[in-house]
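The residues making up each chain are set out below.
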Amino acid sequence: MSASLFSSNIGLIDAVSLRQNLKQWAGTQTQSWCDLSDAALQQRLSTTSHLKRFLEKYCVDRSFREALQSNPGEAIQQAGLAVAIQDVESLWTHQSGTISETLQHFFAFGQERLHWSELRSISAQSSHAKYRAWRSRRIERTQCEMPAIAANLAHVPVCFELSQGCSVGCSFCAISASSLQNNFYYTPENAKLWRSMLQVLQDLLGTAASAGFCYWATDPLDNPDYEQFAAEFHDVLGIFPQTTTAQPTKYPERLRSLLKHSLEKGCKLNRLSILSAKTLDRVYKEFTAEELAFVGIVPQNPEAVVITQFPFKAELAPKINAGRTFGTVRKQPVIDGTIACVSGFLINLVTRSIQLISPCKATPEVPRGYIVYDEETFTDSASLRSICDRMIDQHMS
Ligand code: SF4
């Protein structure tokens, strides 16, 4: 297990940066953390992150859930988790009335850290009236078409692929990513193009462009220069883009450094997709609970459960019926819908292609769960701008 990077750090960053973030994130729980002494803040982060780790293990690992039923003390000890039984036992005794104060704090903290609703509200602030109106109509359509999941769709206005394809090849990939073919590298020429493209998008869409992110049918860590592109995104648009990777143990030092840097820049949430209980254990060996305090764990294994809180109940996590899982899921509950959350421009930097897209319910005709209204290739930032203007005029009037 890795040690904390520096003794003065609380998790990945120092107390000053952590307090700055907590103030910006501004929820009731996080605000109250700001008033704690350094030692108490360290303690609070530690307690919360270990509780988070317990719940992740509970959701991902079926054999851990079974072991808890027979001997909770031993199961917790063997899993190396630092939680008190009395703080978590309501999970398997199903006594919601006796939910511990620690667990209540944790759930409140988790709620405040939900990030997608913020991206959704930033996306709504576009300075472009035609885009704003078009996006509102897309939201109305998805609400009618997919009421069960519509609230989860942020309808962000732009998304960038920094690779062509993805090396991971997840069997559940809801957007059916092709295999990895090439990357957009951070050469001087490409860096110049990237910066000017971000400026074009900012000029076109205003603040809303900062809700974008830099992966789609790609895994961010496939691109060895991802961090430099993300840092430039923050420089130009003011928000460090959130990262989700399904390769959490492939480049541990690189990932640790990315998580640290993004936290220092105020990034509220990054996520690790977990493909199996073994992968989760490897993640836990590599990263301390405190290092992952602000990192979401997204269970993707078939035996994963979700916990409903009141009353506590564990149910098999549903899969979205889209992409490679379309029509193939047998052992899990299935939700018709999509994971596509962009209503706007999907831009691939390798192929220099731009598509105007919006989420829809996946069907045999549209298995990836998004409509492509238009598609073109660009050569530079000026041509990108004129294509965006044309697409807006043609499709959003
Ligand atoms: S789910 Fe993500 S990581 Fe997995 S194949 Fe699809 S794009 Fe790649």
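So, the site of the ligand
Then comes step 1: Around the ligand sit 13 residues, and of these Cys166, Gly169, Cys170, Cys173 and Ala246 come closest.
Then comes step 2: Partitioned by chemical class, the residues of the shell around the ligand number nine nonpolar, two polar and two charged.

Remarks on helix H10 (residues 129-145)
Then comes step 1: Counted at 1.5 Å a residue, the expected span for H10 with its 17 residues is 24 Å, and the 24 Å between its end C-alpha atoms agrees.
Then comes step 2: Turning to H10, its buried residues number three or more, namely Tyr131, Trp134, Arg135, Arg138, Ile139 and Thr142. The buried side chains of H10 occupy one side of the element, clustering within an arc of 145 degrees when seen end-on. Exposed residues on H10 whose side chains face more than 90 degrees from its buried face are Glu140 and Cys144.

Notes on the packing of helix H11 (residues 188-205) against helix H15 (residues 381-395)
Then comes step 1: The geometry of H11 relative to H15 is characterised by a closest axis approach of 9 Å and an angle of 30 degrees between their N-to-C directions. Classified by the angle between their axes, H11 and H15 sit roughly parallel to one another. For the element pair H11 and H15, the recorded crossing hand is right-handed. Packed against H11, whose contacting residues are Leu193, Ser196, Met197, Val200, Leu201, Asp203 and Leu204, the element H15 presents Ser381, Leu384, Arg385, Cys388, Asp389 and Ile392 at the interface.
Then comes step 2: Here the contact of H11 with H15 is composed, by residue class, of eight nonpolar, two polar and three charged.

Here's the deal with empty space enclosed by the protein
By rolling a water-sized probe across the atoms, one finds the places where empty space is left.
Then comes step 1: What the rule picks out here adds up to one cavity of 30 Å³ or more.
Then comes step 2: Of the voids in this model, the largest cavity is the one considered here, and its volume is about 40 Å³.
Then comes step 3: Lining the largest cavity are Leu12, Leu259, Leu263, Asn270, Glu291, Phe294 and Val295.
Then comes step 4: Among the residues forming the lining of the largest cavity, the class breakdown is five nonpolar, one polar and one charged.

Structural notes on the nonpolar core
Then comes step 1: Grouped together as the largest cluster of nonpolar side chains are 65 residues, with contacts concentrated most on Phe160, Trp194, Leu201, Phe345, Ile347, Ile354 and Leu384.
Then comes step 2: The element best represented in this core is H11, accounting for eight residues.
Then comes step 3: The contact partners of Phe345, leaving out residues within four places of it in the chain, are Pro157, Val158, Cys159, Leu201, Leu204, Ile354, Gln355, Leu356, Cys388, Met391 and Ile392.
Then comes step 4: Listed in part, the 30 residues of the second largest apolar core include Leu119, Ala154, Trp216 and Ala340.

Considerations on the packing of helix H3 (residues 38-60) against helix H14 (residues 277-286)
Then comes step 1: At their nearest, the axes of H3 and H14 sit 10 Å apart, and the two run at 160 degrees to each other. If you check the angle between H3 and H14, you find them roughly antiparallel. Between H3 and H14 lies a crossing whose hand is left-handed. Contacts from Arg53, Glu56, Lys57 and Val60 in H3 reach Ala277, Leu280, Asp281 and Tyr284 in H14.
Then comes step 2: Looking at the contact of H3 with H14 residue by residue, the classes come out as four nonpolar, no polar and four charged.

Topic: the domain arrangement of the protein chain
Then comes step 1: Looking at the assigned domains, one finds that the protein chain contains domain 1 (9-112) and domain 2 (116-246 + 300-395).
Then comes step 2: In this structure, domain 1 and domain 2 have C-alpha centres spaced 30 Å apart.

A word on the packing of aromatic side chains
Then comes step 1: Under the definition given, this model contains eleven aromatic pairs.
Then comes step 2: When the centroid spacing of 5.8 Å and the interplanar angle of 75 degrees are considered together, the rings of Trp134 and Tyr373 count as edge-to-face. In this pair, Trp134 sits in helix H10 while Tyr373 sits in strand S15 (residues 370-377), placing the two residues 239 residues apart along the sequence.
Then comes step 3: Overall, Tyr373 belongs to the partly exposed group, its relative accessible area being 25%.
Then comes step 4: Within the aromatic cluster, the residues linked to one another by ring pairs are Phe160, Phe184, Tyr186, Trp194, Phe229 and Phe233.
Then comes step 5: The aromatic ring of Tyr251 is capped on one face by Arg254, whose charged end is 5.2 Å from the ring centroid.

So, how was this worked out
- Residues numbered from 1 in each chain as written.
- Predicted model: local features only at pLDDT ≥ 70, side-chain atom pairs only at ≥ 80, totals over all residues.
- Heavy atoms only, no water.
- Near = heavy atom within 4 Å.
- Nonpolar A, V, L, I, M, F, W, Y, C, P; charged D, E, K, R; others polar.
- Helix = DSSP H or I, 4+ residues; strand = E, 2+ residues; numbered from the N terminus.
- Expected span 1.5 Å × (residues − 1).
- Buried < 20%, exposed > 50% of the residue type's maximum accessible area, 1.4 Å probe, protein only.
- Arc of directions from axis to C-beta.
- Axes fitted to C-alpha atoms, helices over the stretch in contact; angles between N-to-C directions.
- Parallel < 35°, antiparallel > 145°, perpendicular 65-115°, else oblique.
- Left-handed = near helix turned anticlockwise from the far one by under 90°.
- Contact = heavy atoms within 4.5 Å.
- 1 Å grid on protein atoms, 1.4 Å probe; cavity = no way out; pocket = protein on both sides within 12 Å on 5 of 7 lines; lining within 4 Å.
- Points joined across faces, edges and corners; volume = space filled by probe spheres on them.
- Core = buried A, V, L, I, M, F, W, Y, C linked by side-chain atoms within 4.5 Å.
- Domains from an automatic or database assignment.
- Phe/Tyr/Trp six-rings, centres within 6.5 Å; stacked < 30°, edge-to-face > 60°.
- Lys NZ or Arg CZ within 6 Å of the ring centre and 35° of its normal.

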